[in-house]
Amino acid sequence: MQHLIVVWNASPYIFGGSCVTVGIVVLALALGLMLGVPLALAQVYGGVLARRCAGLYVWFFRGVPILVQLFLFYFGLFSSLDLPINAFFSSCIVLGLTSAAYQSQIFRGAILSLPSGQFKAGRALGMSDACSVRCIILPQALRLSLPGWANEFSILLKDSAICFVLGTQEIMARTHFVASRTHEHLALFMLAGLLYFLITLAGLTLLRRLENALSTPGYAAGGTGAQ
Amino acid sequence: MMETPVLCIENITLTLGGRKILDQVCLDIQRGELKVLIGPSGAGKSSLLQCINHLVRPDSGIIRLEGEKLDAANTRALCSFRTHVGMIFQDFNLFDHLSAEENVAIALRKVRGFPRRAALDRALEELGRVGLARYAALYPAQLSGGQKQRVAIARALAMDPKVILLDEPTSALDPELVGEVLAVIRELAKAGMTMLMATHQMDFARALANEILFMEHGVIVERGTPEELLRPDAVTRTRDFCAKLVV
Amino acid sequence: MTLFGNEFLLNELLPTLNKGLWISLMLIVPSAVLGFLAGVFLGVIRVFGTRRTRWAGDAYTAIFRGVPLAIQLMLIYFGLPNLGISLDPYPAAVCSFTLCSAAYHSEYIRGSLLAIRQGQMKAALALGFNTPQAALWIIVPQAARLALPGCGNEIIYLIKYSSLAYLVTCMELTGQGKLLAALYFRFTEVFLGVGLYYLTLVTLTGWLLRRLEQKLRIPGFGLEV
């Protein structure tokens, strides 16, 4: 009974953390998208140097744990360069940079799965290469990437829980704070787990809606085969 | 007095989802005979063949191999029965992770207990019989449909079966590949192999079958020699069906 | 700023990180092995089990994949004592990684089992194999090849997420790095070093897994694009 009272009293505070969590995830996804598309293009269409650089970027950010990156950027680089970036934005930047590496792989797969005739048809109509990519390839590739992107969302959401080590006031940090005061770790972390579970569910439903809204007749996600 | 049939099937009945797929089917096959099952798709030909070696368990009925009743509840007896009854599938079902010779050898090694060397030698010999010795090291994905089916036949032959069941062995093949598979089956028939084959290849059936069994709605509705069922003045379901096949 | 001053590098950073690396490996290897075995078991009952075990397996997988690993770790280390079960940091971390890894492995195992065509089993039975023989000689070799890329990826994830053991005060690579960095206030150098250690582990494992895949590769078999 006492457990329930503690959980009940703490829940508004912990639920409030979901705004921060969602904020981190949305900003990180956006940053990942902005960097991921050029990275993917560099890997597919770039010259040797561009491909190398993109490859190096992906290798680094996919190989180093989020936790290590958070420490490296927040306590290391940002502070030694005297950049006034707070914990929240550091979390967004680190998750975003990592997500860019993963998202570039999703987009790259999608671009490579498009039939080569699409690009040729664009050229045959007199489009410049840049224009063919922008108007023909990307709209198709991004649609094909949506299932993979949904997956990336749920991974980011879970990774965002690690950001509490910087003191970002998201769900995990608030739960940890209350738990260390009340010693109701079990009940409180179960509540937090449930919350993550629900946010994942809500996000995936939303993304599925988006996928349906953007779907073109006869154009199923056959290329990436994620569904 | 008749000799004991190689395979004797009595009153096989199969119901799936409340629908009768097979209804009291009976048939005998004598040594060296080739019997052909024909009929529209959904008639129960494939189900009958799969019931014979209990890949699909029939609701009731008796199956005898050389007079000996199959006790399907006894796993050991069932496995031994299946080694003696070869099966060729419509879609080949070669083991995708094994090369052609390993496909033929694996059952020899694991079921019959051959040492590896002996099993591979035997496999090569069988592949040679179907004209594929040169392809022994290739994997299923590297073979054409006709070649796959010939490997499947070699795989069945390697077990020294007393009878072979063939479930539309050519219907998944491109037309130009049908001939090579039928040629192999023809050779087997000439060599005296006992076979029960479901097929739509009427010319083949007319030329080689000892008996044609026409199935519809899970029942064998007509049976007779090709001459009886297919002569020009015969008024039979079989002839009707074949006329439609040609058109 | 003297990035990687020689003395600091040789006398402090490398010995400390090597100590941490050892503990990280002690976390990763048992968790990977146990997680894989549990994942195989879970994957098999999710495909071949009764309706109830399938449901239980699916629920387990959904929960452990849906909740952040950090939370699972907290529940096991800080939460279980509420029920009177106290684990030391190291067993708590291994336990948590194993449970979570099993859920991910089971997804790949399940997928690979479902991808094997039904005819393969039928053909084996028709040749006189009994069911365990058919499973051992026909289904397992195929399923292993189909699941290998996914399961390998999961092991790489496990290497990276083993850093979370630091959250429950298990002093592995990240934890050792944090201590040292705080002591000398040299976060950039230390965490670049830690990052390189992880990169090496991940790259090496990836290379080994690719070698294994190459070795087991069969022309035309598997999910090649």
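Here, the structure is the one placed above.
Bear in mind that the values here come from a model prediction, so they are computed numbers and not experimental data.

Caption draft 1: Representation of unusual backbone geometry within the structure. Phi at A:Asp82 is positive, roughly 55 degrees, even though this residue is not glycine. Tracing the backbone through its elements, the reader meets A:Asp82 in the loop between helix H3 (66-80) and helix H4 (87-113). A positive phi angle is found at B:Gln24, which is not glycine, with a value near 50 degrees. If you trace the backbone, B:Gln24 turns up in strand S2 (residues 19-29). Owing to a relative accessible area of 46%, B:Gln24 belongs among the partly exposed residues under this scheme.

Caption draft 2: Structural view of the interface of chain A and chain C. Contacts between chain A and chain C engage 35 residues on the former and 35 residues on the latter. Buried area between chain A and chain C, both sides added, is near 3,000 Å², and the carbon and sulfur share of it is 77%. On the chain A side of the contact with chain C, A:Phe71, A:Lys158 and A:Leu186 bury the most area, a combined 19% of that side's loss. Our count for the chain A to chain C interface comes out at zero salt bridges. At the boundary of chain A with chain C, the tally comes to seven residue pairs in polar contact (both at pLDDT 80 or more). Only helix H2 (48-63), H3, helix H6 (129-159), helix H7 (171-182) and helix H8 (185-214) of chain A provide two or more residues apiece to the side of chain A that touches chain C. No other element matches H8(A), which puts nine residues into the side of chain A that touches chain C.

Caption draft 3: Region of the structure containing the interface of chain B and chain C. Contact with chain B, which involves 25 residues of that partner, is made by 22 residues of chain C. Inspection of the region where chain B meets chain C yields one salt bridge. Taken together, the connections running from chain B to chain C amount to eight residue pairs in polar contact (both at pLDDT 80 or more). Contributing elements (two or more residues each) for the side of chain B that touches chain C: helix H2 (75-84), strand S6 (85-88) and helix H3 (100-110) of chain B. It is H2(B) that provides the largest number of residues to the side of chain B that touches chain C, a total of four residues.

Caption draft 4: Quick look at the sheet that holds strand S5 (residues 68-69) of chain B. Residues and elements named next belong to chain B. Pairing is antiparallel in the open sheet, where four strands are placed in the order S2-S1-S4-S5. At either margin of the open sheet sits one strand with a lone partner, and together these are S2 and S5. Pairing between strand S1 (residues 7-16) and strand S4 (residues 60-65): five bridges, direction antiparallel. By the bridge assignment, Ile9 is partnered in S4 with Ile63. Sitting on the sheet, helix H1 (residues 45-52) touches S1, S2 and S4, and the angle it makes with S2 is about 65 degrees.

Caption draft 5: Local environment of the pattern of salt bridges. Enumeration over the complete set of coordinates arrives at 19 salt bridges over all chains. Of the charged contacts, one joins B:Arg231 and B:Asp233 as a salt bridge, the two residues approaching to 3.0 Å between their closest N and O atoms. Here B:Asp233 falls in the exposed class, since its relative accessible area comes to 58%. Salt-bridge contacts for C:Glu189 lead to C:Arg186; the nearest nitrogen and oxygen are separated by 3.3 Å. By relative accessible area, which is 5% here, C:Glu189 ends up buried. Salt bridges sharing partners connect three or more residues here, namely B:Arg112, B:Arg122, B:Glu126, B:Arg129 and B:Asp160.

Caption draft 6: Main features of the arrangement of the chains. In this assembly, two pairs of chains are in contact, and the pair with the greatest number of contacts comprises chains A and C. What separates chain A from chain B at the closest point of their C-alpha atoms is a distance of 21 Å, and the two make no contact.

Caption draft 7: Quick peek at the pairing of strand S3 (residues 34-38) of chain B. Residue and element names in this part refer to chain B. In terms of burial, S3 is a largely internal element, five of the five residues being buried. With burial as the criterion, each face of S3 is covered, one bearing Leu34, Val36 and Ile38 and the other bearing Lys35 and Leu37. One ladder, built from four bridges, connects S3 with strand S8 (residues 195-198); its direction is parallel. Within the sheet, the bridge partner assigned to Leu37 lies in S8 and is Ala198. Strand direction decides the pairing type here: S3 and strand S9 (residues 211-216), joined by four bridges, are parallel. Note on S9: the bridge partner recorded for Lys35 is Glu211.

What counts, and where the lines are drawn
Residues numbered from 1 in each chain as written. Chains lettered and ligands numbered in written order. Predicted model: local features only at pLDDT ≥ 70, side-chain atom pairs only at ≥ 80, totals over all residues. Heavy atoms only, no water. Helix = DSSP H or I, 4+ residues; strand = E, 2+ residues; numbered from the N terminus. Buried < 20%, exposed > 50% of the residue type's maximum accessible area, 1.4 Å probe, protein only. Contact = heavy atoms within 4.5 Å. Buried area = accessible area lost by both parts, 1.4 Å probe. Salt bridge = Lys/Arg side-chain N within 4 Å of Asp/Glu carboxyl O. Polar contact = N/O pair within 3.5 Å; in protein donor to acceptor, adjacent residues only side chain to side chain. Pairing = 2+ DSSP bridges. Axes fitted to C-alpha atoms, helices over the stretch in contact; angles between N-to-C directions.

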